[in-house]
Every structure is written in C-alpha cells, then in structure tokens.
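Here is how the chains run, residue by residue.
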Amino acid sequence: MTLDKLSSILGDEARDLLEHKCTKVTKEQLHLPSPQFLDDHFTFSNRNAQTLRSLAQLYNNGRLAGTGYVSILPIDQGIEHSGGASFAPNPMYFDPENIVRLAIEGGCNAVATTFGGLALMSRRYAHKIPFIVKINHNELLSYPNTYDQTMFGSVRDAWNLGAVAVGATIYFGSEESRRQIVEVSKAFEEAHELGMAAILWCYLRNDAFKSGGKDYHVAADLTGQANHLGVTIQADIIKQKLPEINGGYKALNMGNSAYGKLDERMYTELTTEHPIDWCRYQVLNCYSGRIGLINSGGASSGASDLKEAVRTAVINKRAGGMGLISGRKAFQRPFEQGVQLLQAIQDVYLSPEVAIA
C-alpha cells in the first residue's frame, strides 16, 4: 500500500498517525516482530519442539508469511453474540466452510473459530491453513444474560482436529476471573505439552470499569495489566482491544475507593495521550514485546470499516505490535469485500513506509 493511498484512507489523522515519534518508551527498548522472532524469543524458552513447529506454521502462512507479523480471521461470534445477530448481515457464514474459505482467500495466517465448525472442516482444510480452536465462550442464551467464559471442549479434542493453537478468553476484573485464570492456565499447559501454541483474549469485564461517562474497559493502563497477567500464564500471543483512553486506575481510586496499585510515572514517563503510545504501553506489558500483541479489529460500523481497520493496523504496527485479528469487519459484508478488507490490513504490515514509531 502506497503512502498516498494510506493517507487517503486515514484522512485527517494520517499525518499524526504516520509521523508520530514515541519518546517515552522508545523502539530500542522493545523486542520487535521480525522474520527471526521465533528463533530469538522461543528457541530457548520452555516451549517444546512441537510447539515451536506449531508457532512456525502460524507465522509462515498467508500473505504475511516470514515477516514476523500475523493476520488472523476469528469467527466465533455466533456463540458470543448469537448466530442471528452475527450472520444476518451475511448468512453464508452460518456454513463454517465459508469461514475457512474467507481466511484462505483473504491471505490470513490462520483462522480461529469453534470446535463444531472446525470439526466439520478439519480433514478438508487443516493441512491448508492453520487452525486455532477457541476453547471457551460466553454464551448469551441463559436468562438473564451473564458474562462468563465457559469451556466448550477439551484441549485434546483441539489437538485431534489438527489445530496449531488454542485460543481462550479471560474476563480480567470480573467476579469469575480467578476461576477462569485457573482453567485457562491448565488448558495452556496441556496445549503446550501436546505441541500447540496458546493465544489469550485478554479482555476486561466489570460494570465498575464504566465510570464518569467513560469506558475504562479500553484504558491503556488496565488493558496493559491484563496483558501482563496473560503473558504470566504463558500465552504465546496476546489479543487485546485497542486502547481508547487512559487513567483507569485513577478513575477507580477516586473518593474513598482503593483499587489495585499505580505509580504516577505510568502516565508521565511510560506513555502520553497519543493512541500509539497507549498501544506501546500494552506492548511493554507483554514482556517488552517478547510475546506478540495483536489488537482486535472491533465491531463492524459499515462504511467506515476500512478506515477503522487500517487505522488500528497502523497504530498496532507503529507501536511495536504483531498484527491484527479482525472478524466482524470482514465477514459482515460481501465475500470479496471481506477479502479486500483483510488484505488492506495486511498491506499495512507489508508496507516499508509504515515504520515503527
């Protein structure tokens, strides 16, 4: 993607996003994605040879193969948001084969979806594109709705499907988070023993994180800490929402409340009010980038999806992140447009003109 085309997509934000320099945490302080990333950071870790091979399959597939960056198509929203709500815009994705086809034709490194969908497609496609089995979900059929992650199958079943990785979500900050940490930690240990990689959706969930009319579920300081917990349980890749605000700890410590621990230098010496610096703080909390950070593409907004997806990719790449995981923006539109959107995201990571800030 040329700089002119990228600038036309980003519009008024182009100069700010493409020319920003990170002066608080510099790129020299980070371990950045590269073709040698696996050798540099996992060869001497506790990951066994089979897990290294699985990670190599993930890194070396699709249009971003061999770059150190990844583009993943996730479609498990039929459980998280209901099948009707997720697929009514494009009913072809009720058929799981079309999910896999979109990932392949879109040039993705891997496809992440459910046990049931991949079980039907395993023998036809597991050798053509790396599978990531999402092993837990939040189902929204129970009444009233509750927000919890429940295991939908076993790690061994994911291995039998030929998966190169398992994916799981923890709702950090929720009442159920400590149980989820135990469940997912055990699942990741078993996945590594069987030779699969482990990817963690590090999401925040607590009504208290909405305060003063602001949503601190996407605060740089709180999501950064969630990332730090995620790498602690040995996730190989962290998935996180792009920060949109900062100061979550401060907001929750107003008045007589006492929440967590903070140091004012988190806000004055480690970041600024720029979105790239917020994302860099997320990378910093992933062991200074030794564990790759991929940001979420977010919900589909319609006509603005391309700009939003490219903007997220630019911020992630310039911050030192490893890639994007984008679902609804791709599958809630006609197939060919979904392919084009995925490839536009990948073009950001392939462009030498989008440099690390």
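Since the structure is predicted, the reported quantities are computational estimates derived from the model, not experimental observations.

Let's talk about the sheet that holds strand β12 (residues 323-325)
Then step 1. Sheet architecture is closed into a barrel: eight strands sit in the order β1-β2-β3-β6-β7-β10-β11-β12, paired in parallel fashion. Sheet twist, expressed as the average angle between the axes of neighbouring strands with direction ignored, equals 25 degrees.
Then step 2. Both strand β6 (residues 165-172) and strand β7 (residues 197-204) contribute to a ladder of eight bridges, which runs parallel. Bridging across to β7, G167 finds its partner in I199.

As for the pairing of strand β11 (residues 292-296)
Then step 1. Judged by how many residues are buried, β11 sits mostly within the fold: five of five residues are covered.
Then step 2. Where strand β10 (residues 237-240) meets β11, four bridges bridge the pair, whose relative direction is parallel. In the sheet register, I238 faces β11, and the bridge partner there is L293.
Then step 3. As defined by bridge partners, β11 adjoins β12 across three bridges and the pair is classed as parallel. Considered in β12, the bridge of I294 is made with G323.
Then step 4. This β-α-β element, β11 to helix α15 (residues 305-319) to β12, shows right-handed connectivity.

Focus on the pattern of salt bridges
Then step 1. In the structure shown here, the tally under the stated rule is 12 salt bridges.
Then step 2. Salt-bridge contacts for R124 lead to E97; the nearest nitrogen and oxygen are separated by 3.1 Å. Of this pair, R124 sits in helix α8 (residues 115-125) while E97 sits in helix α7 (residues 96-105), placing them 27 residues apart in sequence.
Then step 3. The exposure class assigned to R124 is partly exposed, which follows from its relative accessible area of 48%.
Then step 4. Salt-bridge contacts for E183 lead to R179; the nearest nitrogen and oxygen are separated by 3.0 Å. Separated by four residues within a single helix, E183 and R179 lie in helix α10 (residues 177-194), roughly one turn from each other.
Then step 5. Here E183 falls in the partly exposed class, since its relative accessible area comes to 27%.
Then step 6. Under the relative-accessibility criterion, R179 is labelled partly exposed at 34%.

Some points on the layout of surface pockets
Then step 1. Size it by volume and the largest pocket reaches roughly 1200 Å³.
Then step 2. If you go around the largest pocket, you meet 44 residues; those closest to its centre are Y203, L204, R205, K241 and R328.
Then step 3. Those elements that provide at least two residues to the lining of the largest pocket are α5 (77-80), β6, β7, α15 and α16 (328-331).
Then step 4. Looking at side-chain class alone, the lining of the largest pocket contains 11 nonpolar, 17 polar and 16 charged residues.
Then step 5. The space that makes up the second largest pocket amounts to roughly 310 Å³.
Then step 6. Along the walls of the second largest pocket sit 14 residues, with F172, G173, Q225, L229 and Y259 positioned nearest its centre.
Then step 7. For the lining of the second largest pocket, the elements supplying multiple residues, two or more each, are α10 and α11 (220-232).
Then step 8. The element contributing the most residues to the lining of the second largest pocket is α11, with four residues.

Remarks on the packing of helix α1 (residues 3-10) against α15
Then step 1. One can describe the packing of α1 onto α15 by two numbers: an axis separation of 9 Å at closest approach and a directional angle of 120 degrees. The crossing of α1 and α15 is left-handed. Note on element contacts: α15 touches α1 through L306, K307, V310, R311 and V314, opposite L6, I9 and L10.
Then step 2. Each residue belonging to the contact of α1 with α15 can be placed in one class, and the counts come to six nonpolar, no polar and two charged.

Here's the deal with α11
Then step 1. The terminal C-alpha atoms of α11 lie 18 Å apart, and with 13 residues this matches the ideal 18 Å at 1.5 Å per residue to within 8%.
Then step 2. Those residues of α11 not exposed but buried are A220, D221, L222, T223, G224, A226, N227, G230 and V231.
Then step 3. Note on α11: the residue one or two positions beyond its end, Q234, has a positive phi of about 75 degrees.

Quick notes on the state of the cysteines
A covalent bond between the sulfur atoms of two cysteines is referred to as a disulfide.
Then step 1. On inspection of all chains with the given rule, the structure shows zero disulfides.
Then step 2. Left without a disulfide partner, C22 is nearest to the cysteine sulfur of C279, which lies 9.2 Å away.
Then step 3. C279 supplies the cysteine sulfur nearest to C108, a cysteine that is in no disulfide, at a spacing of 19 Å.
Then step 4. The class of C108 is buried, set by a relative accessible area of 2%.

Let's talk about unusual backbone geometry
Then step 1. Of note, the bond from Y143 into P144 is cis; its omega dihedral lies within 30 degrees of zero at -5 degrees.
Then step 2. Mapped onto the secondary structure, P144 falls in the loop between β4 (136-137) and β5 (150-151).
Then step 3. Non-glycine residue S82 carries a positive phi angle of around 90 degrees.
Then step 4. Locating S82 in the fold gives a position in the loop between α5 and α6 (83-87).
Then step 5. We note that Y287 has phi near 55 degrees; this positive angle belongs to a residue other than glycine.
Then step 6. Tracing the chain through its elements places Y287 in the loop between α14 (275-284) and β11.

What counts and what doesn't
- Residues numbered from 1 in each chain as written.
- Predicted model: local features only at pLDDT ≥ 70, side-chain atom pairs only at ≥ 80, totals over all residues.
- Heavy atoms only, no water.
- Pairing = 2+ DSSP bridges.
- Helix = DSSP H or I, 4+ residues; strand = E, 2+ residues; numbered from the N terminus.
- Axes fitted to C-alpha atoms, helices over the stretch in contact; angles between N-to-C directions.
- Buried < 20%, exposed > 50% of the residue type's maximum accessible area, 1.4 Å probe, protein only.
- Right-handed = clockwise from strand over helix to strand, strands pointing away.
- Salt bridge = Lys/Arg side-chain N within 4 Å of Asp/Glu carboxyl O.
- 1 Å grid on protein atoms, 1.4 Å probe; cavity = no way out; pocket = protein on both sides within 12 Å on 5 of 7 lines; lining within 4 Å.
- Points joined across faces, edges and corners; volume = space filled by probe spheres on them.
- Nonpolar A, V, L, I, M, F, W, Y, C, P; charged D, E, K, R; others polar.
- Left-handed = near helix turned anticlockwise from the far one by under 90°.
- Contact = heavy atoms within 4.5 Å.
- Expected span 1.5 Å × (residues − 1).
- Disulfide = S-S within 2.5 Å.

None of the figures reported here should be taken as evidence of function without further support.
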